[in-house]
Amino acid sequence: MNKLETILKVLDDRKAEDVNIIELDDSSIADTFVVATGTSVIQTKALADYIEEELEKNGYSLLSKEGFREGEWILMDAEDIIVHIFTRKQREFYGIDDLWEE
């Protein structure tokens with residue numbers, strides 16, 4: 001299973017909501033953003049933990065994980081894939097889906 005498939009499987013298995021994959025053309029940041037919503041801070045943190053665990057099991061590693069303590073917006077840098085896990089309120093506030101899809 002490749003890195004993106006691993007991330008998406010965890011998000012699906014752990015009931016993340018509104019999962020969106022954004023392909024970044026000609027970006028130096030990453031090739032892909034994965035954006036997902038957790039129903040609570042507890043769920044966003046659990047999603048991040050499970051993603052990190054499954055990536056490591058499959059031979060991948062994270063460069064960094066930010067925002068975990070607060071859990072409102074967790075950003076995970078998996079080299080060519082950046083994962084954003086939001087609470088509903090934060091996702092609506094920042095509108096990252098609209099910003100990057102334009």
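Here the residue numbers are simple positions, counted from 1 along each chain's written sequence. Totals for whole chains, interfaces and linings use all residues, but because this is a predicted model, local features are given only for residues with pLDDT of at least 70 and pairs of side-chain atoms are given and counted only at 80 or more. Excluding hydrogens and water, the side-chain values take into account all heavy atoms of the structure.

A. Focus on a negative patch on the surface. Patch members must show over 30% relative accessible area and no salt bridge, and they are joined within 9 Å when carrying like charges or within 5 Å when they are nonpolar side chains of Val, Leu, Ile, Met, Phe, Trp or Tyr. The accessible surface values rely on the Shrake-Rupley method and a 1.4 Å probe; as for residues, cover is taken only from the protein chains in view. When a carboxyl oxygen of Asp or Glu lies within 4 Å of a side-chain nitrogen of Lys or Arg, that pair is called a salt bridge. Note that His is not counted, nor are the chain ends; the positive residues are Lys and Arg, and the negative ones are Asp and Glu. We put the charge of a Lys on NZ, of an Arg on CZ, of an Asp on CG and of a Glu on CD. Residues Glu23, Asp25, Asp26 and Asp31 make up a contiguous surface patch of negative charge. Numbering of helices and strands starts at the N terminus; helices are DSSP runs of H or I of at least 4 residues and strands are runs of E of at least 2. Residue placement: Glu23 occurs in strand β1 (residues 17-23).

B. Spatial organisation of the packing of aromatic side chains. Side-chain rings of Phe, Tyr and Trp, where Trp is taken by its six-membered ring, are said to pair if the distance between their centres is within 6.5 Å; with planes under 30 degrees apart they count as stacked, over 60 as edge-to-face, and otherwise as tilted. All chains considered together, the criterion is met by 3 aromatic pairs. When the centroid spacing of 4.7 Å and the interplanar angle of 50° are considered together, the rings of Trp73 and Tyr94 count as tilted. Here Trp73, found in strand β4 (residues 73-78), pairs with Tyr94, found in helix α3 (residues 88-94); they are 21 residues apart in sequence, far enough to count as distant. For Trp73, a relative accessible area of 28% translates into the label partly exposed. By relative accessible area, which is 41% here, Tyr94 ends up partly exposed. These aromatic residues form a ring-pair network of at least three members: Trp73, Phe86, Phe93 and Tyr94. Lysine and arginine charges are scored as sitting over a ring when NZ or CZ, respectively, is within 6 Å of the ring centre and within 35 degrees of the ring normal. When the ring centre of Phe68 is taken as origin, the NZ or CZ atom of Lys45, which lies over that ring, is 5.7 Å away. When the ring centre of Phe68 is taken as origin, the NZ or CZ atom of Lys65, which lies over that ring, is 4.4 Å away. The rule is simple: take the accessible area with a 1.4 Å probe, protein chains only, and divide by the maximum for that residue type; under 20% is buried, over 50% is exposed, in between is partly exposed.

C. Molecular detail of the packing of helix α1 (residues 3-13) against helix α2 (residues 41-57). For helices, the fitted axis covers only the stretch in contact; all axes are lines through C-alpha atoms, and the angles between them, taken along N-to-C directions, range from 0 to 180 degrees. Their axes nearest at 9 Å, the elements α1 and α2 cross at an angle of 145°. The element α1 and its partner α2 pack so that their crossing is right-handed. Contacts between α1 and α2 involve Lys3, Thr6, Ile7, Val10 and Leu11 on the former and, on the latter, Leu47, Tyr50, Ile51, Glu54 and Leu55. Classifying every residue of the contact of α1 with α2 by side-chain character gives 7 nonpolar, 1 polar and 2 charged. Working rule for handedness: look at the near helix, and if it is turned counterclockwise from the far one by less than a right angle, call the crossing left-handed; if clockwise, right-handed. Should any heavy atoms of two residues lie within 4.5 Å, those residues are counted as being in contact. Residues are grouped as follows: Ala, Val, Leu, Ile, Met, Phe, Trp, Tyr, Cys and Pro are nonpolar; Asp, Glu, Lys and Arg are charged; every other residue, Gly included, is polar.

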